[in-house]
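Given next are the chains, with one letter for each unit.
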Amino acid sequence: MAKLKIALYWAASCGGCEIAQLQIGDKILKLAEVADIVFWPVAIDAKYKDVEAMPEKSIDVCLFNGGIRNSEQEHLAKMLREKSKVMIAYGACASEGGIPGLANLFNRELIFQRVYLETPSTDNKDKVFPQPKYKVPEGELNIPEFYDTVRTLAQTVDVDYTIPGCPPEARTTWLALEALIEGKLPPKGTVITHNAKAVCDDCPRKRDVKKVKKFYRTFEIIPEPEICLLEQGLLCAGIATRGGCEAPCPQANMPCTGCYGPVDGVIDQGAHFLSGVSSVIDSNDPTEIDKIIAGIHDPVGIFYRYSLADSLLRRARIK
Ligand code: SF4
Ligand code: SF4
């Protein structure tokens, strides 16, 4: 039987997904028996022109991590879609925009202003900004165009499956790869995890009194080891987040930050999380409620940490 052909690509992301793919450990040997990696810029010397020369749908599966921040990433997403039978959004950035998607609170001008002029370590007296095209004696230099808005992979090309996580747990990656190897991929559109219910379903902490008078940041309290973190005033996104990760964060005293994305049927993970948090606030007095809510530091970063680009609003409106 011919070996499967796999492509991996890294767009607007931190690189953690590339490491997560290696975390399948010795299962990589099983993968190597049945599959060849034909494109993986971070690890093998395959050029864009090699992919361009491939016939349409000649790659069996592309694991694409990262959102679409610039014109090069958009070009690669479209090219890999054309060449791949199956396109998988791998990780939170590809599927929801992820942490880079929080830059949708700003636009290109504001980001460049901060990065190329205002940061304390920057010395840019001539106010030079990146130019997509620049003439030099040898010809014209081109760099990718930086877009105003980070988009998800599915907002750019047709996506067949999603593997969630920031980064995906090794067991989730292997679940998808095993299904691919055995020819048992689920129906198109499936988010591949071990548990489509919420992280709370995997979490051993006890839930009982849903009454919160104050929210805390993680460094402000040492939580009780067995009680639900949300019920102790820590903003745990487990109530609004797809399970399958086995809840490692709440088990290590850290609130879930929501990296496995929304549970099935939810369009806007942040709105779902907000609604869950509102239901635990223990007050009917508007002034007290305002005070409790004012204690939530960085609300966009809490409620839309990974999903701003995929939310109903998608980005901030900049006047
Ligand atoms: S809200 Fe967080 S700590 Fe509470 S049960 Fe759910 S995952 Fe566990
Ligand atoms: S507990 Fe939450 S933040 Fe931690 S891995 Fe699971 S989904 Fe991601």
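In this numbering scheme, every chain counts its residues from 1 along its sequence in written order. For this description, chains carry letters from A and ligands carry numbers from 1, given in the order in which they are written. The predicted origin of the model limits local features to residues at a pLDDT of at least 70 and limits the giving and counting of side-chain atom pairs to 80 or more, whereas totals for whole chains, interfaces and linings rest on all residues. The basis for every side-chain value is the complete set of heavy atoms in the structure, and neither hydrogens nor water enter the calculation.

## Side note on the pairing of strand β5 (residues 84-90)
Reasoning step 1: Partly exposed residues are those whose accessible area sits between 20% and 50% of the maximum for their type, while under 20% is buried and over 50% is exposed, using a 1.4 Å probe and protein chains only. Note on conventions: DSSP H or I runs of at least 4 residues are helices, E runs of at least 2 residues are strands, and numbering of each starts at the N terminus. Counting buried residues along β5, 6 of its 7 residues qualify, which places the element largely inside the surrounding structure.
Reasoning step 2: Pairing between two strands requires that DSSP report at least two bridges joining them. Relative to β5, strand β3 (residues 59-65) is paired through 5 bridges, and the arrangement is parallel. Its bridge partner lying in β5, Phe64 is registered against Ala89.
Reasoning step 3: Bridge count for β5 against strand β9 (residues 161-163) is 3 bridges, and the pairing is parallel. The residue bridging Ala89 from the neighbouring strand is Thr162, located in β9.

## Re the sheet that holds β3
Reasoning step 1: What the 5 strands build is an open sheet, ordered β2-β1-β3-β5-β9; its pairing is parallel. If you trace the sheet from one side to the other, it starts and ends with β2 (35-39) and β9, each paired once. For this sheet, the mean angle separating the axes of adjacent strands, direction not counted, is 30°.
Reasoning step 2: As paired elements, strand β1 (residues 4-10) and β3 share 5 bridges and run parallel to each other. Orientation is described by axes fitted as lines to C-alpha atoms, over the contacting stretch for helices, and by angles from 0 to 180 degrees between their N-to-C directions.

## A word on the packing of helix α2 (residues 27-34) against helix α7 (residues 170-181)
Reasoning step 1: Closest axis-to-axis distance for the α2/α7 pair is 11 Å, and the angle between their directions is 25°. When the axis of α2 is compared with that of α7, the two are roughly parallel. In this structure, α2 crosses over α7, and the sense of that crossing is left-handed. The residues of α7 that touch α2, namely those facing Lys27, Lys30, Leu31 and Val34, are Trp174, Leu177 and Ile181.
Reasoning step 2: In this classification, the charged set is Asp, Glu, Lys and Arg, the nonpolar set is Ala, Val, Leu, Ile, Met, Phe, Trp, Tyr, Cys and Pro, and all remaining amino acids, among them Gly, are polar. Among the residues forming the contact of α2 with α7, the class breakdown is 5 nonpolar, no polar and 2 charged. For classification, angles of less than 35 degrees are called roughly parallel, those exceeding 145 degrees roughly antiparallel, those between 65 and 115 degrees roughly perpendicular, and all remaining angles oblique. For any pair of crossing helices, the crossing counts as left-handed if the nearer helix is rotated counterclockwise from the farther one by less than a right angle, and right-handed if it is rotated clockwise. Only heavy atoms matter for contacts: two residues are in contact if any of them lie within 4.5 Å across the pair.

## Remarks on the environment of Cys14
Reasoning step 1: Mapped onto the elements of the fold, Cys14 is located in the loop between β1 and α1 (16-22).
Reasoning step 2: By relative accessible area, which is 70% here, Cys14 ends up exposed.
Reasoning step 3: For the pair formed by Cys14 and Pro248, sequence separation is 234 residues and the distance between their alpha carbons is 21 Å.

## Focus: the site of ligand 2
Reasoning step 1: As a matter of local geometry, ligand 2 sits amid Val199, Thr241, Cys245, Pro248, Cys249, Pro250, Cys256, Thr257, Gly258, Cys259 and Tyr260.
Reasoning step 2: A per-class count over the shell around ligand 2 returns 8 nonpolar, 3 polar and no charged. Nearness here has a simple test: a residue counts as near a molecule or strand if at least one of its heavy atoms is within 4 Å of that partner.

## Quick look at the nonpolar core
Reasoning step 1: Only buried Ala, Val, Leu, Ile, Met, Phe, Trp, Tyr and Cys residues count toward a nonpolar core, and they belong to the same one when joined by side-chain atoms within 4.5 Å. Counting 30 residues, the largest nonpolar core has Phe215, Leu230, Leu235, Phe273, Val277 and Phe303 as its most contacted members.
Reasoning step 2: Mapped onto this core, the elements with two or more residues apiece are α9 (269-278) and α11 (299-303).
Reasoning step 3: Once you skip the residues sitting within four places of it in the chain, Val277 turns out to touch Phe215, Leu230, Leu235, Ile239 and Phe303.
Reasoning step 4: The next biggest cluster of nonpolar side chains, apart from the first, holds 23 residues, and it includes Ala46, Leu76, Leu80 and Ala94.

## What about helix α4 (residues 71-83)?
Reasoning step 1: One fewer than the residue count of a helix, multiplied by 1.5 Å, yields its expected span. Given a rise of 1.5 Å per residue, 13 residues ought to cover 18 Å, and the 18 Å separating the end C-alpha atoms of α4 matches this to within 8%.
Reasoning step 2: For this analysis, a polar contact is any N or O atom pair within 3.5 Å, provided that within protein one partner can donate a hydrogen and the other can accept it, and provided that sequence-adjacent residues contribute only side-chain to side-chain pairs. Two or three places before Glu72, at the start of α4, stands the capping residue Asn70, its side-chain oxygen 3.1 Å from that residue's backbone nitrogen.

## A word on the side chain of Asn124
Reasoning step 1: Relative to the helices and strands, Asn124 resides in the loop between α6 (108-118) and β6 (133-136).
Reasoning step 2: Within the local environment of Asn124, its side chain forms a polar contact with the backbone nitrogen of Val128, the two atoms lying 2.8 Å apart.
Reasoning step 3: Contact partners of Asn124, with chain neighbours within four places excluded, come to Tyr116 and Leu117.

## With respect to the environment of Ala94
Reasoning step 1: Within the element layout of this structure, Ala94 appears in helix α5 (residues 92-96).
Reasoning step 2: The exposure class of Ala94 is buried, given its relative accessible area of 1%.
Reasoning step 3: In contact with Ala94, other than residues within four places in its own chain, are Phe64, Asn65, Gly66, Gly67, Ala89, Thr152, Leu153 and Ala154.

## Brief notes about the side chain of Gln269
Reasoning step 1: Residue position: Gln269 is located in helix α9.
Reasoning step 2: For Gln269, a relative accessible area of 6% puts it in the buried group.
Reasoning step 3: Of the polar contacts made by the side chain of Gln269, one reaches the backbone oxygen of Gly261; its length is 3.3 Å.
Reasoning step 4: Sequence-distant contacts of Gln269, that is, excluding residues within four places in its chain, are made with Glu96, Ala240, Thr241, Gly258, Gly261, Pro262 and Ser307.

## Comments concerning the pairing of β1
Reasoning step 1: The element β1 is largely enclosed, with a buried count of 5 among its 7 residues.
Reasoning step 2: Direction of pairing for β1 relative to β2: parallel, over a ladder of 4 bridges. Within β2, the residue paired with Lys5 across the bridge is Asp36.

## Describing unusual backbone geometry
Reasoning step 1: Cis geometry marks the peptide bond from Cys166 to Pro167, where omega comes out at -10°.
Reasoning step 2: As for its placement among the helices and strands, Pro167 is situated in the loop between β9 and α7.
Reasoning step 3: Unlike most non-glycine residues, Lys57 shows phi in positive territory, near 55°.
Reasoning step 4: As for its placement among the helices and strands, Lys57 is situated in the loop between α3 (48-52) and β3.
Reasoning step 5: Lys57 sits in the partly exposed class, given a relative accessible area of 36%.
Reasoning step 6: Of note, the phi angle at Glu246 is positive, near 70°, even though the residue is not glycine.
Reasoning step 7: Its location among the elements puts Glu246 in the loop between α7 and α8 (248-251).

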